[in-house]
Amino acid sequence: MGERLDIAWRTAATGLCFATFGVGGLMLRTLVFPVLGLMVTQPARRQRWARACISRAFRLFVRLMCGLGVMSIEIVGAERLQRRGLLILANHPTLIDVVLLMSLVDGADCIVKASLAHNPFTRGPVRAAGFVCNDSGPAMVEDCVGTLQRGHNLIVFPEGTRTPRTGARPLQRGAANIAVRGRWAVTPVRICAQPLTLAKGDRWYRVPPRRMHMRLEVGPDIPVAPFLADGCSDAVAARRLTDHLTDYFFDKGAHRAGHHH
């Protein structure tokens, strides 16, 4: 009986969280950002404020999810995210990875699916914050390098979409291209959700038998230089770095720093 009540509670709480998220997105778009647009005329500052608003809103949302018992969180190495100009690469097991990371990283830029720039619930925040859309092709890599050089933190999910339950997909090479092109170290974040829920293809109301525990492990920076060591081309270095990241995120064994195939 207690178990069924627990599942019923977490199902209702999850529904409430998603409703809150949708309403929050609409409020940011219809109330907060228009006021911000009137008050702050300088585009760069407006963008910075918009990102700060999103970060704060996500922090509240994460607090709500934990407070209602939908999930618990453990963060290892959080201090590594308290720096500027980070290229943060993470695996993507659940729907809320973006929210979690953006709540931890102040005023981060991120690459978003182009569809989010048109969705009524997310359009306001995505446009106001000037996030990079993933439909801009080769220009996207340059946009990302520019963001890092201006001292902003950039969050990228190299899988491009959530990890399917059937196992890891090949990583897209775009994230490694940013690191190699900009000669920028990678700050890796491994995300683990137990029991896995809100994964690709999951319905929000299919809650797991017990509360989900999210563990984020921020690893030491991965320098790009070793992948370019023998004077290889950027394309080869990006392929090597992608292979290394695949090992890092999806091999449960020891990571082989600087290992090349």
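What you see is a predicted model, and the numbers here were worked out from it, not measured in a lab. (Residues numbered from 1 in each chain as written. Predicted model: local features only at pLDDT ≥ 70, side-chain atom pairs only at ≥ 80, totals over all residues. Heavy atoms only, no water.)

**A look at the overall build of the protein chain**
Heads up, the condition is: By the criteria applied, helices consist of DSSP H or I runs no shorter than four residues and strands consist of E runs no shorter than two, each listed in order from the N terminus. Atoms counted for the radius of gyration: C-alpha only. Globule rule: 2.2 Å times residue count to the power 0.38. Throughout, exposure labels follow a simple rule: accessible area from a 1.4 Å probe, protein chains only, divided by the maximum for the residue type, with under 20% read as buried, over 50% as exposed, and the rest as partly exposed. Throughout, the Shrake-Rupley method with a 1.4 Å probe supplies accessible areas, and for residues the shown protein chains are the sole cover considered. In this charge count, Lys and Arg are treated as positive and Asp and Glu as negative; neither His nor the chain ends contribute. Here the site of a charge means atom NZ of a Lys, CZ of an Arg, CG of an Asp or CD of a Glu.
In terms of helices and strands, the protein chain carries seven helices and seven strands. The order of helices and strands in the protein chain, counted from the N terminus, is α-α-β-β-α-β-α-β-α-β-α-β-β-α. Relative to the compact-globule value of 18 Å for 261 residues, the protein chain shows a C-alpha radius of gyration of 19 Å, a close match. For the protein chain, the spread of C-alpha atoms along the principal axes amounts to about 60 × 50 × 30 Å. When burial is assessed residue by residue, the protein chain has 44% of its 261 residues classed as buried. Put simply, the protein chain shows about 13000 Å² of open surface, and 58% of that area lies on carbon and sulfur atoms. Each charge class in the protein chain was averaged separately, 34 positive and 19 negative side chains, and the resulting centres sit 7 Å apart.

**Here we look at the packing of helix 6 (residues 174-182) against helix 7 (residues 234-250)**
Our working rule: Axis geometry follows a simple rule: fit a line to the C-alpha atoms, using only the stretch in contact for helices, then measure angles between N-to-C directions, giving values from 0 to 180 degrees. Any angle that falls under 35 degrees is termed roughly parallel, while one over 145 is termed roughly antiparallel, one within 65 to 115 roughly perpendicular, and all others oblique. Two helices cross in a left-handed way if the nearer one is turned anticlockwise from the farther one by less than a right angle. They cross in a right-handed way if the turn is clockwise. Should any heavy atoms of two residues lie within 4.5 Å, those residues are counted as being in contact. Charged residues are taken to be Asp, Glu, Lys and Arg, nonpolar residues to be Ala, Val, Leu, Ile, Met, Phe, Trp, Tyr, Cys and Pro, and polar residues to be all remaining types, Gly included.
Across the interface, helix 6 lies against helix 7 with an axial gap of 9 Å and an inter-helix angle of 130°. As judged from the angle between their axes, helix 6 and helix 7 are oblique. Every pair of crossing elements has a handedness; the one defined by helix 6 and helix 7 is right-handed. Of helix 7, the residues touching helix 6 (which contributes Ala-176, Asn-177, Ala-179, Val-180 and Arg-181) are Asp-234, Ala-237, Ala-238, Leu-241 and Thr-242. Among the residues making up the contact of helix 6 with helix 7, the classes are represented as six nonpolar, two polar and two charged.

**Details of helix 7**
Operational definition: By definition here, a helix of n residues has an expected span of 1.5 Å times n minus one.
In this model, helix 7 (17 residues) spans 24 Å end to end at C-alpha, consistent with the 24 Å of a helix rising 1.5 Å per residue. Those residues of helix 7 lying buried are Ala-237, Ala-238, Arg-240, Leu-241, Thr-242, His-244, Leu-245, Asp-247, Tyr-248 and Phe-249. For helix 7, the secondary structure elements touched by its buried residues are strand 2 (87-90), helix 6 and strand 6 (186-194).

**Side note on the packing of aromatic side chains**
In plain terms, the rule: Each aromatic pair joins two rings of Phe, Tyr and Trp (for Trp, the six-membered one) with centres within 6.5 Å, and gets the label stacked for planes under 30 degrees apart, edge-to-face for over 60, and tilted for any other angle. By definition, being over a ring means that NZ of Lys or CZ of Arg is both within 6 Å of the ring centre and within 35 degrees of the ring normal.
Applying the stated criterion across every chain, the model contains six aromatic pairs. Summarising the aromatic geometry, the rings of Phe-18 and Trp-204 are spaced 6.5 Å apart at their centres and angled 50° between planes, so their arrangement reads as tilted. With a gap of 186 residues between them, Phe-18 in helix 1 (residues 2-39) and Trp-204 in the loop between strand 6 and strand 7 (212-218) connect regions that are remote in the sequence. According to the relative accessible area criterion, Trp-204 is partly exposed, its value standing at 39%. Arranged with centres 5.5 Å apart and planes meeting at 90°, the rings of Tyr-248 and Phe-249 form a pair that is edge-to-face. Under the relative-accessibility criterion, Phe-249 is labelled buried at 2%. Stacked on the ring of Tyr-248, the Lys or Arg Arg-190 has its end atom at 4.7 Å from the ring centre.

**Observations concerning the sheet that holds strand 6**
Rules: In this scheme, strands are said to pair when DSSP sees at least two bridges between them.
Taken together, the seven strands give an open sheet; going across it, the order is 1-7-6-2-5-3-4, and neighbouring strands pair in mixed fashion. Across the chains shown, the open sheet's two edge strands, defined by having one partner strand only, are strand 1 (71-76) and strand 4 (132-133). Here three bridges tie strand 2 to strand 5 (residues 154-156), and the two strands are oriented parallel to one another. In the strand pairing of strand 5, Leu-87 is matched with Leu-154. Relative to the sheet, helix 6 contacts strand 2, strand 3 (109-112), strand 5 and strand 6, its axis offset from that of strand 2 by approximately 155°.

**Describing the nonpolar core**
Note that soluble globular proteins tend to have their nonpolar side chains buried in a common cluster. Where we set the bar: Nonpolar core, defined: a set of buried Ala, Val, Leu, Ile, Met, Phe, Trp, Tyr and Cys residues in which side-chain atoms within 4.5 Å join the residues together.
Counting 42 residues, the largest nonpolar core has Leu-101, Ile-155, Val-189 and Met-214 as its most contacted members. Of all the elements in the fold, those that place two or more residues in this core are helix 1, helix 2 (43-67), strand 2, helix 3 (97-104), strand 3, helix 4 (123-129), strand 6 and strand 7. The dominant element in this core, judged by the number of residues it contributes, is helix 2, at six residues. In terms of nonpolar packing, the next biggest core, distinct from the first, is built from 28 residues, Met-140, Cys-144, Leu-171 and Ala-179 among them.

**Some points on the packing of helix 1 against helix 2**
Packing of helix 1 against helix 2 leaves a shortest axis separation of 11 Å and a crossing angle of 160°. Here helix 2 runs roughly antiparallel to helix 1, going by the angle between their axes. Relative to helix 2, helix 1 is oriented so that their crossing is right-handed. Residues Cys-17, Thr-20, Phe-21, Leu-28, Val-32, Phe-33, Leu-36 and Gly-37 of helix 1 lie in contact with helix 2, whose contacting residues are Arg-46, Trp-49, Ala-50, Cys-53, Ile-54, Ala-57, Phe-58, Phe-61, Leu-64 and Met-65. Considering only residue class, the contact of helix 1 with helix 2 consists of 15 nonpolar, two polar and one charged.

**Looking at the confidence of the model for the protein chain**
Our working definition: Every residue gets a pLDDT, meaning the predictor's confidence in that residue, from 0 to 100.
Chain-level pLDDT for the protein chain is 88 on average; 95% of the residues reach the 70-or-more range. Of the regions scoring below 50 in pLDDT, residues 253-261 engages in 16 contacts with residues more than four places distant in sequence or in other chains.

**What to know about the pairing of strand 7**
Residue alternation in strand 7 divides its side chains into a buried set, Met-212, Met-214, Leu-216 and Val-218, and an unburied set, His-213, Arg-215 and Glu-217. Pairing of strand 1 with strand 7, which is carried by six bridges, proceeds in the parallel orientation. By the bridge assignment, Ile-75 is partnered in strand 7 with Leu-216.

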